[in-house]
Amino acid sequence: MRVYIVNPSHLSFGSAIITPRWLYVLAGATPPEFGDPIPIDETLERFDASRLQLGDVVGIGVHTGNALVGYALGVQARARGAWVVYGGIHATLYPEEAHAQGGAHAVVRGDGDVVWGRVLADCAAGAPERIYEAGRIGASDFTKARWDLLPRERYAWASVQTVRGCPKHCSFCSVWRTDGQEPRQRGVEAVLEEIVELRRMGFRFIALADDNFYPVTLDDLRVAGRREDPHRLHELEAIRAERFALMERLALLPDDLVFYTQITMEAAEDASFLDAMRKARIRGALVGVEAVTPEGLKDVYKDFNLAGEALVARLRTFRKHGVHVLGSFIFGLPSDRPGSFDATVDLAQRADLAFAQFVTLTPFPGTLDFERWEREQGASMPVIDGVPASRYWLLPHSRRPKLYQPHPVMSVEEIRRGTQRAWDRFYGIGAIWRRSKVVPSLRGRLAFLLISKVYRQMYANTGLATDSARVSRATRWARWLARPVQRLFAAEPLPGLQVPLQPTSSVAESTEAA
């Protein structure tokens with residue numbers, strides 16, 4: 001019995017920017033008696049189902065965007081006599097769909113780290129359960145990834161997770177519902193060991209693939225401090241202290257390591273946290289800006305962000321502390337107007353963002369937006385090729401709507417063109433080169449230019465707001481550019497690198513400063 005773990009994709013680029021961490025976590029959770037599992041990332045190359053034999057196990061992880069291609073793979077695998085198991089956010093939300101559409105024998109709901117071994121044993125015995133309720137495991141049970149199975153030369157950046165869960169409740173995001181709002185932080189030693197292993201392999205750019213690297217804000221501490229019972233305050237202080245302890249250890253790693261993560265805007269209020277990020281060489285962060293007006297922020301339940309010039313000042317704060325921002329913006333909000341596209345790009349440029357992404361409003365399952373959309377549409381929900389628009393992920397990409405809800409003042413085509421124009425303006429060669437001055441060396445500026453163009457090709461030109469001809473061209477360009485990008489970001493392996501020892505200094509002042 002061979003065990004295959006597959007990350008499905010309808011586009012393959014030959015190389016990829018960031019390692020799909022979950023593949024190698026499940027590989028690490030595979031018991032030794034089943035041999036080394038075979039991770040397959042279809043963003044590199046498509047999986048050849050003809051290699052499957054009777055009794056093999058195929059684990060398929062699906063999110064909403066790749067559910068359809070994942071289901072097609074599952075049907076093929078089942079036809080070859082393999083056991084088919086689904087997991088991931090989408091399968092957690094729609095387990096019966098994986099059975100009906102994807103040929104599933106079993107579906108894992110929730111975190112697969114612990115339950116995966118039991119699933120494989122049940123398959124080997126010929127009796128997998130229909131649904132495994134894995135739930136949310138504690139941080140001490142997070143499984144270490146099997147990076148020894150990774151094709152090192154095909155990825156530019158590695159990825160390590162330090163925390164699961166996000167305390168926010170943004171209307172467009174499902175993470176706080178699927179992963180929970182209570183942060184589950186991995187131990188510092190476990191994180192350090194994994195990072196050291198990756199640096200030994202020659203990775204020096206590592207994404208801290210967290211739901212929210214900044215799980216406790218200064219405002220959270222102030223609110224908890226006003227409670228009569230100090231228990232919650234002590235919990236939050238402990239979480240915060242662990243963040244500082246991690247960053248203190250990261251700062252002891254080789255100087256050529258560079259980290260990126262994802263945080264909320266409120267971190268800009270926390271100078272001590274940003275300074276600790278700089279010392280730990282956490283050089284960049286994805287920040288969900290979403291909208292640049294107060295009305296837009298209310299549309300997405302994110303009014304804890306700022307707008308206008310106050311937003312520009314807040315974003316510049318990250319840069320002043322040495323953290324470069326990838327700003328994420330949403331178009332198609334009810335409050336958007338024809339001028340919103342250029343106004344957003346102008347703000348992103350004034351705010352000194354290093355990178356930006358511009359996406360159209362999409363109601364993802366498990367979110368408040370999705371529930372509101374289904375509730376408001378009701379029986380009037382459009383049907384496309386016999387599929388309700390509320391199940392758009394079951395349609396081929398070319399048949400999916402470019403926008404899911406009528407806009408009060410703009411047509412779908414106006415929003416599509418405006419979104420594409422935003423990408424084109426922000427990622428013009430001249431604009432990228434001007435932004436690359438944040439990198440001191442010519443080699444670094446060249447890497448910045450190439451990674452910007454690859455990012456644009458992979459994300460700007462392959463999304464819903466893109467025509468099919470542009471997708472094809474983008475895929476060819478991305479395949480051509482990805483290999484030199486990987487070489488530019490690689491470093492010499494350090495096989496003898498050891499985990500740095502715990503420093504004797506205390507991080508207590510970080511909580512006192514709050």
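Because the structure is a prediction, the values reported are computed rather than measured. Position labels on residues start from 1 in each chain and follow its written sequence. In keeping with the predicted nature of the model, local features appear solely for residues at pLDDT of at least 70, side-chain atom pairs appear and are counted solely at 80 or more, and the whole-chain, interface and lining totals rest on all residues. Side-chain numbers come from the whole structure's heavy atoms, not from hydrogens or water.

(A) Layout of the packing of helix 2 (residues 67-79) against helix 4 (residues 95-102). Where helix 2 contacts helix 4, the axes come no closer than 8 Å and their chain directions differ by 55°. Here helix 2 is positioned oblique relative to helix 4, judged by the angle of their axes. Between helix 2 and helix 4, the residues in contact are Y71, G74 and V75 and E97, A98, Q101 and G102, respectively. When grouped by side-chain class, the residues that make up the contact of helix 2 with helix 4 number three nonpolar, three polar and one charged. For helices, the fitted axis covers only the stretch in contact; all axes are lines through C-alpha atoms, and the angles between them, taken along N-to-C directions, range from 0 to 180 degrees. Note on conventions: DSSP H or I runs of at least 4 residues are helices, E runs of at least 2 residues are strands, and numbering of each starts at the N terminus. In these notes the angle categories are as follows: under 35 degrees is roughly parallel, over 145 is roughly antiparallel, 65 to 115 is roughly perpendicular, and the rest is oblique. Contacts were defined at the residue level, with two residues in contact if any of their heavy atoms lie within 4.5 Å. Think of it as three bins: nonpolar holds Ala, Val, Leu, Ile, Met, Phe, Trp, Tyr, Cys and Pro, charged holds Asp, Glu, Lys and Arg, and polar takes everything else, Gly as well.

(B) The arrangement of the nonpolar core in detail. Core analysis: the biggest nonpolar cluster contains 113 residues, and W116, L250 and F318 have the highest contact counts within it. By residue number, the principal contributor to this core is helix 17 (residues 442-460), which donates eight residues. If sequence neighbours within four positions are ignored, W116 has contacts with V3, I5, L26, A29, T30, V57, G59 and V85. Throughout, nonpolar core names a set of buried Ala, Val, Leu, Ile, Met, Phe, Trp, Tyr and Cys residues whose side chains join them through atoms within 4.5 Å. Remark: exposure states derive from per-residue accessible area (1.4 Å probe, protein chains only) relative to the maximum for the residue type, with buried under 20%, exposed over 50%, and partly exposed in between. Membership of the second largest hydrophobic core comes to 33 residues, among which are I60, A82, F370 and I384.

(C) Main features of the packing of aromatic side chains. Pairing of aromatic rings covers Phe, Tyr and Trp, the last counted by its six-membered ring, and requires centre-to-centre distances within 6.5 Å; plane angles under 30 degrees mean stacked, over 60 mean edge-to-face, and any other angle means tilted. In the structure shown here, the tally under the stated rule is 26 aromatic pairs. Arranged with centres 4.7 Å apart and planes meeting at 65°, the rings of F331 and F341 form a pair that is edge-to-face. Residue F331 is found in strand 14 (residues 324-331), and its partner F341 is found in helix 13 (residues 340-350); the two are separated by 10 residues along the sequence. Neither residue differs from the other here; F331 and F341 are each classed as buried. Connected via pairs of aromatic rings, a cluster forms that spans F329, F331, F341, F358, W423, F426 and Y427.

(D) Here's a closer look at the sheet that holds strand 11 (residues 205-208). Any two strands between which DSSP finds at least two bridges are classified as paired. Ordered by their spatial adjacency, seven strands build an open sheet running 2-8-11-12-13-14-15, and the pairing between neighbours is parallel. Two strands in the sheet have a free side with no partner beyond their single neighbour: strand 2 (16-18) and strand 15 (355-360). Neighbour-to-neighbour, the strand axes of this sheet turn through a mean angle of 25°, independent of strand direction. Bridge count between strand 12 (residues 258-263) and strand 13 (residues 282-290): five bridges; the pairing is parallel. In the sheet register, Q262 faces strand 13, and the bridge partner there is L286.

(E) Here's a closer look at helix 1 (residues 21-28). Counting buried positions over the eight residues of helix 1 gives six, a clear majority of the element. Burial in helix 1 covers these residues: R21, L23, Y24, V25, L26 and A27. Those residues of helix 1 that are buried lie in contact with strand 1 (3-7), strand 3 (38-41), helix 5 (116-124), strand 8 (155-160) and helix 7 (188-200).

(F) The pairing of strand 1, seen in detail. The buried count for strand 1 comes to five of five residues, which makes it a mostly enclosed element. Covered by surrounding structure in strand 1 are V3, I5 and N7 together with Y4 and V6, the residues of both alternating faces. Note: strand 1 against strand 4 (residues 57-61), four bridges, orientation parallel. Looking at the pairing, I5 lines up with G59 of strand 4.

(G) Spatial organisation of the environment of W157. When you line up the elements, W157 lands in strand 8. For W157, a relative accessible area of 13% corresponds to the buried category. Each C-alpha atom, one on W157 and one on A207, is 6.9 Å from the other, the two residues being 50 residues apart in sequence. Ignoring any residue separated from it by four or fewer positions in sequence, one finds W157 in contact with I17, I18, T19, F203, F205, Y260, I451 and F489.

(H) Region of interest: the sheet that holds strand 7 (residues 131-135). A sheet is described by the order of its strands in space; here six strands give the open sequence 3-1-4-5-6-7, paired in parallel fashion. Pairing within the sheet leaves two strands with one partner each, and these edge strands are strand 3 and strand 7. Shown here is a sheet whose adjacent strand axes are inclined to one another by a mean of 20°, direction ignored. Pairing of strand 1 with strand 3 involves four bridges; the strand directions are parallel.

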